[in-house]
Amino acid sequence: MALYEYVTKEQLAGFDKYKYSAVDSNPLSVYVMHPFWNLVVKFLPTWLAPNLITFTGFMFLVWNFLMLAFYDFDFTASSVGHEHVPSWVWVSAGIFNFLAYTLDGVDGKQARRTNSSTPLGELFDHGLDSWACFFFVATVYSIFGRGESGVGVATLYYILWVVLFSFILSHWEKYNTGILFLPWGYDISQVTISVVYVVTAVVGVETWYQPILWHFLYRDLFTFMIIACSFTVTLPMSLYNVLKAHRGNTLKHSSLYEAFLPFFSPVLLFILSTLWVVFSPTGILEQQPRIFYLMVGTAFANVTCKLIVCQMSNTRCQALSWLLVPMAGVVVLALSGVAISETLLLYLWTTFVILAHIHYGVSVVRDKIYIFNYSCSITTQL
């Protein structure tokens, strides 16, 4: 077996020199959540591994997704005339979402408390965060659904992409500045989502049918808040931080091409998936929205993880993610009508993407541990 397969020798060397640098200026986070997390972490046993805390929080989100998929697979349960999701499911979703958010906040504190902070732990945390973006959006969608008073599946598809690009902006900033500027929208959205789940259990989904003002519905507020937050807060702050680093001569990549290189694969993924949505012979997004969102969200997480590896190891980002090469073939096959079943093709490709992403994550961890053990053995021999 090769000494390393998914992480280059240069990247592994960069990990050894890596130091965490982040800025969190969100008032909600600074004055409310961090004091709360500092209190919570004191109740955790010192033998509890930070990575286990991270993984447990992520699995709460996966469980929410699976739970809502069982009761609302095609996002129609909240529509008029359909059997609605039971109230206890919404209460559970609210509790699990807040638990996931809390565990995501205390894992790093537990690592520092037990003196077990490592670059691998941060990579594991941020890698799961990149995948979690999809689970947040898909689960919240069940509140409004795709009915007359809900959000269309195509609209939700583009909203998902707004959220995904908002996430990658933070890591693009760090790739160029060396500092992770934590987005304000994350903390606000997590608290809001948790509360909305519980409120939905109390008042019922019918409440969201009612207009807030004139013909402005709650679904319109939901859409407006996500888009407005991304384009008026997240994007301007990201550009400001990068430009500030440029003026201060601290920008890590002076070339415009190198600075924007991390966007190539995400944009290509957006183009490929959107071509499939727009030109699908059977209207695949209308037929299988949940699976299509899962495929896009997982492929995005895979692309983003490779950027996170590069920015943490201070190495050059590769322009093209290999996963997009076979995806291009899948899209061509789907649009040509050659495939016997477009739905079957989507299911097979989604399965492949999930397995490929899990394999990549396991391989990166394995290679990092293998190199660490190999280095320790050489040091011992010396």
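Scroll up for the structure.
Residue numbers run consecutively from 1 along every chain, following the written order of its sequence. Predicted model: local features are reported for residues with pLDDT of at least 70 only, side-chain atom pairs are reported and counted for 80 or more only, and whole-chain, interface and lining totals are derived from all residues. No hydrogens and no water enter the side-chain calculation; it runs on all heavy atoms of the structure.

A.B. asks: Run through the packing of helix α3 (residues 50-71) against helix α4 (residues 87-113), naming residues and quoting values.
C.D. replies: Only C-alpha atoms enter the line fits that serve as axes; for helices the fit covers just the stretch in contact. Angles between N-to-C directions range over 0 to 180 degrees. Note on conventions: DSSP H or I runs of at least 4 residues are helices, E runs of at least 2 residues are strands, and numbering of each starts at the N terminus. The interhelical angle for the contact between α3 and α4, taken along N-to-C directions, is 160 degrees, at an axis separation of 8 Å. Viewed along their axes, α3 and α4 adopt a mutual orientation that is roughly antiparallel. Here the hand of the crossing between α3 and α4 comes out left-handed. Each residue belonging to the contact of α3 with α4 can be placed in one class, and the counts come to 18 nonpolar, 7 polar and 1 charged. When describing relative orientation, an angle under 35 degrees is termed roughly parallel and one over 145 degrees roughly antiparallel, while 65 to 115 degrees is termed roughly perpendicular and anything else oblique. Note on convention: near helix rotated counterclockwise from far helix by under a right angle means a left-handed crossing. Clockwise means right-handed. Gly falls in the polar group here, along with every residue not listed as nonpolar (Ala, Val, Leu, Ile, Met, Phe, Trp, Tyr, Cys, Pro) or charged (Asp, Glu, Lys, Arg).

A.B. asks: Outline the nonpolar core, listing residues and values.
C.D. replies: We define the nonpolar core as a collection of buried residues of types Ala, Val, Leu, Ile, Met, Phe, Trp, Tyr and Cys that are connected through side-chain atoms lying within 4.5 Å of one another. Using a 1.4 Å probe on the protein chains alone, a residue whose accessible area is under 20% of its type maximum counts as buried, one over 50% counts as exposed, and one in between counts as partly exposed. Counting residues in each nonpolar core, the largest one holds 77 residues, and the members touching the most others are W276, F292, Y293 and M295. Considering every element that reaches this core, the biggest residue donor is helix α5 (residues 119-144), with 13 residues. Core analysis: the second largest hydrophobic core is formed by 9 residues, M33, V41, L44 and L48 among them.

A.B. asks: An account of the pattern of salt bridges is requested, with residue identities and associated values reported.
C.D. replies: For salt bridges, the criterion is a side-chain nitrogen of Lys or Arg within 4 Å of an Asp or Glu carboxyl oxygen. Throughout the structure, instances matching the rule amount to 4 salt bridges. Between E286 and R146 there is a salt bridge, with the nearest N and O atoms lying 2.9 Å from each other. Remark: R146 occurs in the loop between α5 and α6 (153-177) and E286 occurs in helix α11 (residues 284-287); sequence separation between them is 140 residues. Under the relative-accessibility criterion, R146 is labelled partly exposed at 21%. D220 serves as the salt-bridge partner of R219, at 2.8 Å between the closest nitrogen and oxygen. Note on D220: relative accessible area 23%, which makes it partly exposed.

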